[in-house]
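# Architecture at a glance
Residue-level listing of the chains:
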Amino acid sequence: MKLVISIVYYDSRLDILRDTLQSIVSALDYTLAERSDLEATVVVVDNGSILSKVKQLVGQVVGVRKYQWMVIGTGGNIGYGAAHNLVILNQESDYHLIINPDVEVVQDAFSEALNYMEKHPEVGLLSPYSEDPDGHKQYLCKRYPAVLDLFLRGFAPRTVKRYFSERLQEYEMRYEMDQHALSKEVMASGCFMFVRHSVLDKVRGFSPDFFVYFEDFDLSIRIAKQSIIAYVPEVRIVHGGGNASKKGLKHILMFAKSAFIFYHIHGWRWA
């Protein structure tokens with residue numbers, strides 16, 4: 001059995017990436033102690049211009065392990081999905097984990113994910129239980145977004161959000177996630193996607209239509225046509241990711257562009 005893990009790094013703190021790598025090392029060591037048949041490969045893709053620093057960091061964190069680590073560079077920012085596709089489309093595996101460089105996995109996360117996927121062959125994509133660094137539960141799974149939902153979550157003041165709290169909780173599938181049951185309409189977060197590689201191969205990975213933002217929603221829709229997407233709370237992570245609206249005008253414009261492409265492809269829903 002082979003697991004390939006891809007991490008795309010671009011323009012964030014190296015100490016955060018270090019924490020992610022250390023958690024992956026710990027989780028792989030734990031899983032390999034249980035599964036002697038597991039072959040693992042971890043590929044860090046530098047989507048920026050500090051390849052040598054990333055290689056040095058990986059060497060410091062990993063040391064000598066039973067599994068393979070690779071660091072590759074893109075020569076510049078080619079986009080989130082395109083960078084992951086360099087690994088997805090060129091590495092054979094049974095399972096592929098797409099993970100952000102600001103995610104820490106709990107030690108038994110990979111073991112739990114593999115156990116679940118083996119017991120549920122109908123599932124093509126697994127989404128985990130997530131908390132932020134302060135221990136607050138995050139709701140990673142979403143329904144198909146209406147334009148109003150995106151505006152409220154990203155830009156509305158707290159007083160307005162409180163008025164629409166029930167709507168936002170429904171969009172975030174809070175009831176389903178609290179009850180450990182999801183409907184068929186699931187948009188999974190790209191911060192952690194544990195995917196059956198045969199399904200990824202059928203959909204040819206991320207779409208080249210998206211540079212950044214909404215590539216995970218688009219992938220979720222295409223995967224859902226092939227298999228089931230499951231929320232599995234036994235697989236646990238800590239995610240420190242932020243909101244696009246808090247990252248400045250450039251990210252807001254990129255978010256808006258990708259939203260337009262997403263709705264143009266999959267259909268507009270305003271409210």
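Residues numbered from 1 in each chain as written. Predicted model: local features only at pLDDT ≥ 70, side-chain atom pairs only at ≥ 80, totals over all residues. Heavy atoms only, no water.

Once that is clear, we can look at the overall build of the chain. Looking only at helices and strands, the chain features eleven helices and nine strands. Relative to a compact globule of 271 residues, whose C-alpha radius of gyration would be 18 Å, the chain shows 18 Å and is just as compact. For the chain, the C-alpha atoms occupy an extent of roughly 55 × 40 × 35 Å along the three principal directions. Counting every position in the chain, which comprises 271 residues, the buried fraction comes to 51%. Considering only contacts within the chain whose residues lie at least 6 apart along the sequence, 80% involve residues at least 24 apart. (Helix = DSSP H or I, 4+ residues; strand = E, 2+ residues; numbered from the N terminus. Rg over C-alpha atoms; globule rule 2.2 N^0.38 Å. Buried < 20%, exposed > 50% of the residue type's maximum accessible area, 1.4 Å probe, protein only. Contact = heavy atoms within 4.5 Å.)

Glancing now at the layout of surface pockets. Of the volumes computed, that of the second largest pocket is approximately 220 Å³. Along the wall of the second largest pocket there are 16 residues; nearest its centre are L182, S183, K184, I228 and I229. No other element matches the four residues that strand β9 (residues 228-239) contributes to the lining of the second largest pocket. (1 Å grid on protein atoms, 1.4 Å probe; cavity = no way out; pocket = protein on both sides within 12 Å on 5 of 7 lines; lining within 4 Å. Points joined across faces, edges and corners; volume = space filled by probe spheres on them.)

Before going further, it helps to spend a moment on the packing of aromatic side chains. For the structure shown, the criterion picks out 16 aromatic pairs. Summarising the aromatic geometry, the rings of Y67 and W69 are spaced 6.3 Å apart at their centres and angled 45 degrees between planes, so their arrangement reads as tilted. Grouping residues by exposure puts Y67 and W69 together as buried. A ring pair is formed by Y95 and F194, whose centres lie 5.8 Å apart and whose planes are at 35 degrees; its orientation type is tilted. Remark: F194 occurs in strand β8 (residues 192-196) and Y95 occurs in strand β4 (residues 95-99); sequence separation between them is 99 residues. (Phe/Tyr/Trp six-rings, centres within 6.5 Å; stacked < 30°, edge-to-face > 60°.)

Time to look at the state of the cysteines. Taken as a whole and assessed by the stated rule, the structure comprises zero disulfides. Left without a disulfide partner, C141 is nearest to the cysteine sulfur of C191, which lies 9.7 Å away. (Disulfide = S-S within 2.5 Å.)

What follows covers the environment of E122. Structurally, E122 is set in the loop between α4 (109-119) and β6 (123-131). A C-alpha to C-alpha distance of 30 Å links E122 and R167, two positions 45 residues apart in sequence. Residues within four places of E122 in sequence aside, it is in contact with S227 and I228.

Attention now moves to the nonpolar core. Counting 43 residues, the largest nonpolar core has I5, I24, W69, V105, F192 and F194 as its most contacted members. When residues of this core are assigned to their parent elements, the largest contribution, seven residues, is made by helix α1 (residues 14-34). What I24 contacts, discounting residues up to four positions off in sequence, is I5, I7, V42, W69, I99, V105 and F110. Counting 21 residues, the second-largest nonpolar core is a separate cluster that includes Y80, M173, A188 and V203. (Core = buried A, V, L, I, M, F, W, Y, C linked by side-chain atoms within 4.5 Å.)

Attention now goes to the packing of α1 against α4. Packing of α1 against α4 brings their axes to within 7 Å, and their N-to-C directions diverge by 50 degrees. The orientation of α1 with respect to α4, classified from their angle, is oblique. Between α1 and α4, the residues in contact are I24, A27, L28, Y30, T31 and E34 and F110, S111 and L114, respectively. (Axes fitted to C-alpha atoms, helices over the stretch in contact; angles between N-to-C directions. Parallel < 35°, antiparallel > 145°, perpendicular 65-115°, else oblique.)

What follows concerns the packing of α1 against helix α2 (residues 51-62). Their axes nearest at 10 Å, the elements α1 and α2 cross at an angle of 40 degrees. In this structure, α1 crosses over α2, and the sense of that crossing is right-handed. Contact with α1, carried on its side by L14, L17, R18, L21, Q22 and V25, involves K53, V54, L57, V58, Q60, V61 and V62 of α2 and no other residues of that element. Grouping the constituent residues of the contact of α1 with α2 by class yields nine nonpolar, two polar and two charged. (Left-handed = near helix turned anticlockwise from the far one by under 90°. Nonpolar A, V, L, I, M, F, W, Y, C, P; charged D, E, K, R; others polar.)

Attention now moves to the pattern of salt bridges. Should their charged atoms come close, side chains of opposite charge can pair. Evaluation of the coordinates by the stated rule reveals eleven salt bridges. Note that R13 and D15 form a salt bridge whose closest N and O atoms lie 2.8 Å from each other. For R13, a relative accessible area of 52% corresponds to the exposed category. In this structure, a network of salt bridges that share partners links the residues R153, E172 and R174. (Salt bridge = Lys/Arg side-chain N within 4 Å of Asp/Glu carboxyl O.)

On the surface, a cluster of nonpolar side chains totalling about 390 Å² of accessible area is made up of F260, W268 and W270. Among the secondary structure elements, F260 is positioned in helix α11 (residues 249-266). (Patch = residues over 30% accessible without salt bridge, like charges linked within 9 Å, V, L, I, M, F, W, Y side chains within 5 Å. Areas by Shrake-Rupley, 256 points an atom, 1.4 Å probe, with all protein chains shown as cover.)

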